[in-house]
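Architecture and fold: a report
Next come the chains, spelled out residue by residue.
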Amino acid sequence: MALGKYTRVDNRRSSSSYWSTVTIVLFVGLCLVGVWMMTSSSVVPVQNVDEPAEEKKTEVKQEVVETNNESNTQQFEDNQGDLPEDATKGDGAVSLAQSQKTDNTQENEEDKSNEENKSDTQTENGDNKTDDGDSKNGDGGSDSETGETNTTSEGNSEGQGDSEENSNDKKSESDESENKSESDEKENKSESDDGENKSDADESEKKSEENSGETKDGEKTDGEIEEKVDQSDNKESEKSSDDKKEEDKVKNQNEVFPSGAQSELLNETTTQNGPWSTQAAESKNEKEAQLSKQKVEYNWKLCNVTAGSDYIPCLDNLQAIRSLRSTKHYEHRERHCPEEPPTCLVPLPEGYKRSIEWPKSREKIWYYNVPHTKLAQVKGHQNWVKVTGEYLTFPGGGTQFKHGALHYIDFIQESVPDIAWGKKTRVILDVGCGVASFGGYLFDRDVLAMSFAPKDEHEAQTQFALERGIPAISAVMGTQRLPFPGRVFDVVHCARCRVPWHIEGGKLLLELNRVLRPGGFFVWSATPVYQKLAEDVEIWNAMSELTKAICWELVSKTKDTVNGVGVALFRKPTSNECYEKRSQQEPPICAQSDDPNAAWNVPLQACMHKVPVESSERGSQWPEQWPARAEKTPYWLLSSLVGVYGKSAPEDFKSDHEHWKRVVSKSYLNGMGIDWSSVRNVMDMRAVYGGFAAALKDINVWVMNVVAIDSADTLPIIYERGLFGIYHDWCESFNTYPRTYDLLHADHLFSKIKKRCKLVAVVAEVDRILRPEGKLIVRDDVETINELESMIRSMQWEVRMTYSKDKEGLLYVQKSMWRPKELETVKYAIA
């Protein structure tokens, strides 16, 4: 039972009955305080009032800085990504812990009530001291007259910057108000009564100091705090009321913590004035935060562009393409990104349906999802693609393997057994892929193919591939390097890709030489290999001279009688011996300062890089066979190197691997309710070491690992693991068609992006490349998560889950079919 504040009514200076009543009240109050302190194991340490709030803030800041330096927002050690079973579910999902959340909120309310009782009792005992002006409630209790309590309001941003001076001003105002209301009582008290009350206050203060002693001597660890709160939760879990349930229901709508323990832990680590705040400050800041949120309105519009539902901003910048001086090197097929990325949403094609799931999608897709028939008309007889009722079907062949890609794949293996599909050869580059049937059937051999083709008159060929569930990007070999590191692909393949490899000093073939691993193969099955037409013979002779000049060995040249095509296989050297013996240095060796890994907007050069020969250099040895290479620390990651998260490189790699294995197995595969049978095309928007992709290697998905150009260049490590990826600048559009990924994963990406470019444009790009009903998982700081959630809700996406802890948050959402009605004309994309 909570005691109300005692207020003296009469002005009599002495009364035996009155003093008896006062004595009884004081005695009962002290007993209640003692019982409360002995039975409650969730008493939160009270801050020492002699200890400045600024020092507390500095300690918290130092704690965060040290954590960031060690593990980049606690990526691994604190296991922050593992979701508990009671993680908060969002829109359209049944909460796994609704009853737990209600109970825990009730417990928090009861704790606040107990703190108020304690504060009131201490006030009655004369706990207001004139010497130091504080009541020892300080920041830790309730201001007895104003009823201010100390809970942290979520979404409160301004209060975190309060200074010690502001904190003291608020205390003084509170104390002044309290002292004024009790002035009559103080005037009428006798000297002996003052002494008695002072003695009682000293005793109460002593107990309070005992409770706060641990805070003085050293801050408790999060684990200790959480353990105490858990104990409190267990003891008080049976207390409930209808009024509190209703209040909790409203409160929980804005809470991201699923349990009382985590809620208390948040209060310990994200407070504003030292470890405590005031209700007045919290309420004021929350009102201001809500007003600021209301001011931010996202008025999404539909992109009005010539490309319609196939719009790729950096490839459909028609204004930039029209101003090109030349197109003879396919400059018009390269990236020409607008200065300001679009913030409109791409329309859906009429009749769009949810994509067919893998592996059925390899054979057929919905016609209305990619309503293009030109390729079927031109290449239908070559088994590229055919229109079959409401489907587009893919018989499994192509120009060079009309009788099936699997036969063609096996024929290559028979020609050169050392290629060892799925063991020695794991990651390949397929140039001019068409509809990517070659890459689609290599999955059966445990091989991952990065397929690419330009957005040209063979309309939507890579869009067909992606709709089928096969990796592909829209790209061209023109004037710039491909967006991949040097020496990463085990095999490069070209089946009648019509690329003029031999012209201009072999510049384009030398680009393949740059990305091909030493000892890797170039598989070429174009018409010059097996046809005897004058043009083909001329090209073959030119290619023979060029491959000899760059020291590629012709390992095999055979003809497949079933498909009627020939295949030539060349091998890149593993040493520089051949280069040094050349009589003519043409093509020349690249300058020593030329970095083979530099790939973003770097012009092509007709030179070749030397092969690394030092045992500690990447490329001097072939990686482990698949699948061992997925978990094996690369031999060239030396202990002397510092990893992304601050540890030695090998230890950093292992920590990342274990972290994502744990997160994927405990949270993503089991704890979030994702139907993985509907997921095929996955993108990790900030991949680092590729641990997320490696953890998914045993299920039927493929992951495009993206390494941002302003992040540590870890993409070679990803390829070394038998995975693949690409460089990209997220302030620009990605080279893929709209609606081509089932799941996007972003780990601490958006908080970094918004420092360089508009976050709303990045969210519009996410909407563009994600399929309707596709999933987005974001891990980032709470501020960024809240900002993203606001944007995503404005697009009418479904928030399936939110979760946060220690200023870190997770957001899991699903895209809807909603499209805005209002149009926005993008002038540079109009023909």
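Everything numeric here is computed off the predicted structure, so don't read it as measured data.

Remarks on the packing of helix α24 (residues 759-769) against helix α25 (residues 782-794)
Helix-helix packing: each pair is described by the crossing angle between the helix axes and the interaxial distance. Packing of α24 against α25 leaves a shortest axis separation of 11 Å and a crossing angle of 55 degrees. The angle between α24 and α25 places the two elements in the oblique class. Considering how the two elements wind past one another, α24 and α25 form a crossing that is right-handed. Residues Leu759, Val760 and Val763 of α24 pack against Glu787, Leu788 and Met791 of α25. Classifying every residue of the contact of α24 with α25 gives five nonpolar, no polar and one charged.

Remarks on the confidence of the model for the chain
Here the chain averages 77 in pLDDT, and 66% of its residues register 70 or above. Note that residues 41-81 has pLDDT below 50 and, in this model, 98 contacts with residues that lie over four places away or in other chains. Here residues 93-274 is modelled with pLDDT under 50, and outside its nearest four sequence neighbours on either side it reaches 283 contacts, counting other chains as well.

Side note on the nonpolar core
Counting 119 residues, the largest nonpolar core has Leu429, Trp501 and Phe522 as its most contacted members. Here the element with the most residues in this core is α24; it accounts for six residues. Residues contacting Trp501, with those up to four places away along its chain left out, are Val431, Met477, Cys494, Gly506, Leu508, Leu509, Leu512, Phe522, Trp524, Met543 and Leu546. Core analysis: the next-biggest nonpolar cluster, separate from the first, contains 21 residues, Tyr408, Ile409, Leu442 and Leu569 among them.

Notes on the sheet that holds strand β8 (residues 473-474)
Pairing in this open sheet of seven strands is mixed, and the strands run β8-β7-β6-β9-β10-β12-β11 from one edge to the other. Here the strands that pair on one side only, and so sit at the sheet edges, are β8 and β11 (553-560). Pairing of strand β6 (residues 427-431) with strand β9 (residues 489-494) involves four bridges; the strand directions are parallel. Across the sheet, residue Asp430 finds its bridge partner in β9, namely His493. Relative to the sheet, helix α17 (residues 507-515) contacts β6, β9 and β10 (516-524), its axis offset from that of β10 by approximately 135 degrees. Contacts from helix α18 (residues 534-549) reach β10, β11 and β12 (565-571), with the element oriented near 170 degrees to β10.

Some thoughts on the environment of Asp780
Its location among the elements puts Asp780 in strand β17 (residues 770-781). Apart from residues no more than four positions distant in its own chain, Asp780 is found in contact with His748, Leu749, Phe750, Ser751, Ile785, Glu808 and Gly809. One polar contact links the side chain of Asp780 to the main-chain amide nitrogen of Phe750, over a distance of 3.2 Å. For Asp780, the side chain forms a polar contact with the side chain of Ser751, separated by 2.6 Å.

Here we look at the state of the cysteines
Scanning the model with the defined rule gives six disulfides in all. In this model Cys551 forms its disulfide with Cys578; the gap between the sulfur atoms is 2.1 Å. A torsion of -85 degrees about the S-S bond marks the disulfide between Cys551 and Cys578 as left-handed. Taken together, the positions of Cys551 in the loop between α18 and β11 and Cys578 in helix α19 (residues 577-581) put the pair 27 residues apart, joining distant regions of the chain.

With respect to the packing of aromatic side chains
All told, the structure shown has 23 aromatic pairs when counted by the stated rule. Ring geometry for Trp540 and Phe570: centres 6.4 Å apart, planes at 40 degrees, overall tilted. One end of the pair, Trp540, is in helix α18; the other, Phe570, is in strand β12, and 30 residues separate them in sequence. Phe570 shares its class with Trp540; the two are buried. Centroid distance Trp702 to Phe724: 6.1 Å. Interplanar angle 90 degrees. Geometry classified as edge-to-face. Pair noted here: Trp702 is in strand β14 (residues 702-708) and Phe724 is in the loop between α22 (715-720) and β15 (725-728), with a separation of 22 residues, a long-range link. Here Phe724 falls in the buried class, since its relative accessible area comes to 0%. Here a set of aromatic residues connected by ring pairs shows up, and it is made of Trp501, Phe522, Trp524, Trp540, Trp552 and Phe570. The cationic tip of Lys364 hangs over the ring face of Tyr391; the distance from NZ or CZ to the ring centre is 4.3 Å.

Here's the deal with the side chain of Gln463
For Gln463, the position within the fold is in helix α16 (residues 461-468). On the accessibility criterion, Gln463 (3% relative accessible area) is buried. What Gln463 contacts, discounting residues up to four positions off in sequence, is Asp310, Asn369, Val370, His372, Tyr737, Pro738 and Arg739.

A look at helix α14 (residues 405-415)
For an α-helix, 3.6 residues make a turn, and residues three or four places apart therefore share a direction. All of the buried residues along α14 are Ala405, Tyr408, Ile409, Phe411, Ile412 and Ser415. With its buried residues spanning 160 degrees around the axis, α14 presents them on a single face. On the buried face of α14, the contacting elements are α15 (437-442), β9, β10, β11 and β12.

Brief notes about the sheet that holds strand β5 (residues 391-393)
With antiparallel pairing, three strands are arranged side by side in an open sheet as β3-β5-β4. What marks the edges here is a single partner per strand, and that holds for β3 (364-366) and β4 (386-388). With strand direction ignored, the average angle separating the axes of adjacent strands in the sheet is 35 degrees. Examined bridge by bridge, β3 and β5 share three bridges and lie antiparallel to one another. Note that in β5 the partner of Ile365 across the bridge is Leu392.

Considerations on the pairing of β10
Summarising burial for β10: nine of the nine residues are buried, a large majority. Of the strand pairs in this sheet, β9 and β10 are connected by five bridges, and their pairing is parallel. Each bridged residue has a counterpart across the sheet, and for His493 the counterpart in β10 is Val523. As a crossover connection, the stretch from β9 through α17 into β10 is right-handed. Relative to β12, β10 is paired through four bridges, and the arrangement is antiparallel. Paired with Phe522 across the strands is Phe570, a residue of β12.

Reading guide: rules and limits
- Residues numbered from 1 in each chain as written.
- Predicted model: local features only at pLDDT ≥ 70, side-chain atom pairs only at ≥ 80, totals over all residues.
- Heavy atoms only, no water.
- Axes fitted to C-alpha atoms, helices over the stretch in contact; angles between N-to-C directions.
- Helix = DSSP H or I, 4+ residues; strand = E, 2+ residues; numbered from the N terminus.
- Parallel < 35°, antiparallel > 145°, perpendicular 65-115°, else oblique.
- Left-handed = near helix turned anticlockwise from the far one by under 90°.
- Contact = heavy atoms within 4.5 Å.
- Nonpolar A, V, L, I, M, F, W, Y, C, P; charged D, E, K, R; others polar.
- pLDDT = per-residue confidence, 0-100.
- Core = buried A, V, L, I, M, F, W, Y, C linked by side-chain atoms within 4.5 Å.
- Buried < 20%, exposed > 50% of the residue type's maximum accessible area, 1.4 Å probe, protein only.
- Pairing = 2+ DSSP bridges.
- Polar contact = N/O pair within 3.5 Å; in protein donor to acceptor, adjacent residues only side chain to side chain.
- Disulfide = S-S within 2.5 Å.
- Phe/Tyr/Trp six-rings, centres within 6.5 Å; stacked < 30°, edge-to-face > 60°.
- Lys NZ or Arg CZ within 6 Å of the ring centre and 35° of its normal.
- Arc of directions from axis to C-beta.
- Right-handed = clockwise from strand over helix to strand, strands pointing away.

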